[in-house]
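Single-letter residue listing:
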Amino acid sequence: VYNTVALVCSGTTRREQRLGQIEPTLQELIAMALVGRGDTLENLGRYDEAFAAYNEIEQRFGKTAAPALREMVAWSLLLRGGILVKLGRHHDALT
């Protein structure tokens, strides 16, 4: 039971633990889905939720060396900055 709770709290699934990490193609699909989610939420005017989706990409994949994922992280940072500009938070968008 404690092992399961630790996995749930860490956000790691049993499969990820068994493999050591998610396969790169699956990681790319997850990142693309999060960008799509953020884009859709932004278009609906739900900026806080869109910001969270873009932020999740950086949290999950910000330290990866895979070029395709680094590109998705860069896009998420750019899109996140765009949301901050739309909200009038220009200073935050620059940092």
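Residues numbered from 1 in each chain as written. Predicted model: local features only at pLDDT ≥ 70, side-chain atom pairs only at ≥ 80, totals over all residues. Heavy atoms only, no water.

Visitor: For this particular structure, what's the right way to read the side chain of Arg 80?
Guide: Note on placement: Arg 80 falls in helix H5 (residues 67-86). Judged by relative accessible area, Arg 80 falls into the buried class, the value being 15%. In contact with Arg 80, not counting residues within four places along its chain, are Phe 51, Tyr 54, Asn 55 and Glu 58. (Helix = DSSP H or I, 4+ residues; strand = E, 2+ residues; numbered from the N terminus. Buried < 20%, exposed > 50% of the residue type's maximum accessible area, 1.4 Å probe, protein only. Contact = heavy atoms within 4.5 Å.)

Visitor: Help me out: how do you make sense of the packing of helix H4 (residues 47-61) against H5 in this one?
Guide: If you want to describe how two helices pack, look at the angle between their axes and the distance between the axes. The geometry of H4 relative to H5 is characterised by a closest axis approach of 9 Å and an angle of 150 degrees between their N-to-C directions. When the interaxial angle is binned, H4 and H5 end up roughly antiparallel. The interaxial crossing formed by H4 with H5 has left-handed handedness. Contact residues: Tyr 47, Ala 50, Phe 51, Tyr 54, Asn 55, Ile 57, Glu 58 and Phe 61 in H4; Leu 69, Arg 70, Met 72, Val 73, Ser 76, Leu 77, Leu 79, Arg 80, Ile 83, Leu 84 and Lys 86 in H5. Of the residues assigned to the contact of H4 with H5, the class counts are 13 nonpolar, 2 polar and 4 charged. (Axes fitted to C-alpha atoms, helices over the stretch in contact; angles between N-to-C directions. Parallel < 35°, antiparallel > 145°, perpendicular 65-115°, else oblique. Left-handed = near helix turned anticlockwise from the far one by under 90°. Nonpolar A, V, L, I, M, F, W, Y, C, P; charged D, E, K, R; others polar.)

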